[in-house]
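Spelled out, the chains give:
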Amino acid sequence: MKFGRSWLAAHVLAWLYAALLVAPLYYLLVSAFKTNDQIFGSPFSLPTSFSLHNFGEAFSSADLGPAIVNSVIVTVLALALTLGLAIPAAFAIARTEGRLGAFVERVFSLGFLVPTFAALFPTFLLAAATGLFHTRTFMVLFLPATAMPLSVVILVQFMRTIPHEMEEAARLDGASTFAVLRHIYTPMCMPGIATILLLNFLTFWNEYLYSLVIIGPDPDQRTVQVALPTLKSLTGTDYGILTAGTVLTLVPVWVVYTVLQKRMQQALVNGAVKM
Amino acid sequence: MTLLSSAPGGASVRRPAPPSPPPAPPRRKQGGVILAVPALVWYLVFMVGPLVAIFVIAVLHWPGMLQPVSFAGLGNVRTVFDDPVFWDSVGNTATQLVIALPVMIVCAYMLGYYVAQKPPGHRVLRYLLFIPGLISTPAKAMVFYAVLSPDGLLNGGLDKVGLGSLTDAWLASPSTALYCLIALDVWGGIGFTAVLFAARLDSVPDEISEAAQLDGAGHWRAMWRIHFPVIRDFVGVVTMLQFLWTLFGSAQNVLLLTQGGPGSSSTTLSFLVYQKAFIAADLGYSQTVGVVLFLVGLAGLLTIRRVFRQNY
């Protein structure tokens, strides 16, 4: 038997840690259906009723409704823009042999060394200078830039595997460069596109500090990650409402994760390997 | 999975073939580079531009957004290096990295190895371990806030089991605030990193572990002496990532949970950049710390790369 006695400690430790991960989430989930008194009195018991009162409160007191819409808008548009920029760029780099292509690829991959965090204030200045300060528009334009290095590098890897003969055949039929991109390269590197969509979906949806500083507190513009922490102070910390709000922001990510678990883990490994 | 079947047909039959000589050398190697220009411009404007600006602002005396700006040269460097708060935050960041990084990487590697051996229930375990990777920083911070606040889960639990004397205002006490932040990093970091390691270990050829078993190597030996060297460079890359996330990302947790306090007991370097820019409005100071942060990040990356360089 492969997992004999000596593995007992490993089993126990691994599951203990898993419990440590799940316990706060369980607490989060059940607290979302409780009042403060119930949360403190019996933190781990199942809720007595599954009323959606806390969710409603969270929605109205932190304006979570518009915030979710804003998050969806920012995430979807930024993802579209990322693809619009990265696919042609990767296509160009993958087809250009010699120094130039390699140089451009190098420029992009050096982006991994740019610590976006220290650049928060200059980015803020840039937002102010372009007149897009306190708008989600700026985030839609900005987020794809942060995603460029990873997205381009991953897509180039995929596109390099496409045989040149495919393109030559299409060329003989008179296909333009754009048609080659559209009808050959894009369909053939769908797995790569899926990978960068998933990776960037996680980053964009969860982005916090830049959104906080640049979009600011306006409920019509702010994203859900910025709206959520306001529940802490606004409600004199009603933990039921706070946890209900947190659960709401987790739902989209959780759904995507559960459906695409395998692919998503593979995507993250790809992302790390290509660094 | 690929939409390969739909690819070749689509581009055909656009117009009749031009009457040019048939074996015309394809011009596909040229003309395409221009397609990289939009992405490049985007990247230069939003990523490289701000990075360069950090270095420019660092030599300016700029006491607030609407105040007059003057050239300060190395004056900011002197101010920063004379400031005890800066040295506090250097110490805090060092503590954070020295504790969090080794604990995270070592535990995650062992856990990842365990999962990759496919013990009973490994699928469930994999699913659970990845959860912290999905949760946004504010949501994680809110969970920890609920657990660690004076009337939160941890104190309640301690009271229940009769250890009421150990209860503390965890996030508001100078001796524990920083360690709470480190615990938050480690808590989520181990699981997420373990999944990465497990996925990478999955692709290590089976022959390697079979050979190890034939040699009578115990699991401890197989884990560190046989598998570790194989994925050494991957461990290096993941360590780099975690190093950067911890170094730069700590600002968010600090902001959400302790605001750097009490005093400066939980102020990290990256939070200092934020605080000086957006709360204290001392922009030259802030960006000087930003330069320090950038250099620390660069030096750390190069060091980690050297340590984990493949050496067989």
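Placed above this text is the structure.
Along each chain, residues carry numbers from 1 onward, in the same order as the chain's sequence is written. Just so you know, chain letters begin at A and ligand numbers begin at 1, following the order they were written in. Confidence filtering applies because this is a predicted model: local features only for residues at pLDDT of at least 70, side-chain atom pairs given and counted only at 80 or more, and all residues used for totals across whole chains, interfaces and linings. Hydrogen atoms and water are omitted, and side-chain values are computed over all heavy atoms in the structure.

(A) Structural detail: the overall build of chain B. Tallying secondary structure elements over chain B gives 14 helices and two strands in all. Summary of the burial criterion: residues with accessible area below 20% of their type's maximum are buried, those above 50% are exposed, and those between are partly exposed, where the area comes from a 1.4 Å probe applied to protein chains only. Taken across its 312 residues, chain B has 51% of its residues classed as buried. Throughout, a residue-residue contact means that at least one pair of heavy atoms, one from each residue, lies within 4.5 Å. When contacts within chain B are restricted to residue pairs at least 6 apart in sequence, those whose partners lie at least 24 apart make up 69%. Here the Shrake-Rupley method, with its probe set to 1.4 Å, supplies the accessible areas, and only the displayed protein chains count as covering residues. Total accessible area on chain B stands at roughly 14500 Å², and carbon and sulfur atoms take up 67% of it. Helix and strand assignments come from DSSP, with helices taken as H or I runs of at least 4 residues and strands as E runs of at least 2, each series counted from the N terminus.

(B) Here's a closer look at the packing of helix α4 (residues 64-95) of chain A against helix α10 (residues 190-206) of chain A. Residue and element names in this part refer to chain A. It is the contact of α4 with α10, at a shortest axis distance of 10 Å, that shows an interaxial angle of 140°. Considering the relative orientation of α4 and α10, their crossing is right-handed. Counting all contacts with α4, which are made through Ser 71, Val 72, Thr 75, Ala 78, Leu 79, Thr 82, Leu 83 and Ile 87, the residues of α10 involved are Ile 193, Ile 196, Leu 197, Asn 200, Phe 201, Phe 204 and Trp 205. Under the grouping applied here, Gly and all other residues not named as nonpolar or charged are polar, the nonpolar ones being Ala, Val, Leu, Ile, Met, Phe, Trp, Tyr, Cys and Pro and the charged ones Asp, Glu, Lys and Arg. Grouping the constituent residues of the contact of α4 with α10 by class yields eleven nonpolar, four polar and no charged. Helix axes are fitted only over the stretch in contact, all axes being lines through C-alpha atoms; the angle between N-to-C directions runs from 0 to 180 degrees. Handedness of a crossing follows from how the near helix is turned relative to the far one, being left-handed for an anticlockwise turn of less than a right angle and right-handed for a clockwise one.

(C) Focus on the interface of chain A and chain B. Counting residues at the interface gives 105 residues for chain A, matched by 97 residues for chain B. Note on definitions: salt bridges are taken to be side-chain nitrogens of Lys or Arg within 4 Å of carboxyl oxygens of Asp or Glu. Our count for the contact surface shared by chain A and chain B stands at zero salt bridges. Taken together, the residues of the side of chain A that touches chain B sort by class into 77 nonpolar, 19 polar and nine charged.

(D) View of the nonpolar core. Nonpolar cores were defined as sets of buried Ala, Val, Leu, Ile, Met, Phe, Trp, Tyr and Cys residues, with membership established by side-chain atoms within 4.5 Å. Leu 129 and Phe 197 of chain B are the most contacted members of the largest nonpolar core, which totals 184 residues. Excluding its chain neighbours within four sequence positions, the residues that come into contact with Leu 129 of chain B are Tyr 17 and Leu 21 of chain A together with Leu 111, Val 115, Gly 191, Phe 192, Ala 194 and Val 195 of chain B.

(E) Inspection of the packing of aromatic side chains at higher detail. Note on aromatic contacts: the rings of Phe and Tyr and the six-membered ring of Trp form a pair at centre separations within 6.5 Å, being stacked when their planes are under 30 degrees apart, edge-to-face when over 60 apart, and tilted otherwise. The final tally for this structure, using the stated rule, is 31 aromatic pairs over all chains. Seen in terms of ring centroids, Phe 138 of chain A and Phe 46 of chain B are 5.7 Å apart; in terms of plane orientation they differ by 65°. Their pairing is edge-to-face. Placement of Phe 138 of chain A in helix α7 (residues 136-160) and of Phe 46 of chain B in helix α2 (residues 37-57) is noted, with the two residues assigned to different chains. Summarising the burial analysis for this pair, Phe 138 of chain A and Phe 46 of chain B share the class buried. For the pair Phe 81 of chain B and Trp 87 of chain B, a centre-to-centre distance of 5.7 Å together with 55° between the ring planes defines the contact as tilted. On the accessibility criterion, Phe 81 of chain B (41% relative accessible area) is partly exposed. The class for Trp 87 of chain B is partly exposed, based on a relative accessible area of 44%. An aromatic cluster is present here, built from Phe 121, Phe 124 and Phe 133 of chain A together with Trp 62, Phe 271, Tyr 274 and Phe 278 of chain B joined pairwise through their rings.

(F) Focus on the environment of Leu 141 of chain A. Tracing the chain through its elements places Leu 141 of chain A in helix α7. What makes Leu 141 of chain A partly exposed here is its relative accessible area of 24%. The spatial distance from the C-alpha of Leu 141 of chain A to the C-alpha of Val 74 of chain A is 9.2 Å, given a sequence separation of 67 residues. Among residues more than four places away in sequence, those in contact with Leu 141 of chain A are Leu 81 and Leu 132 of chain A together with Trp 42 and Phe 46 of chain B.

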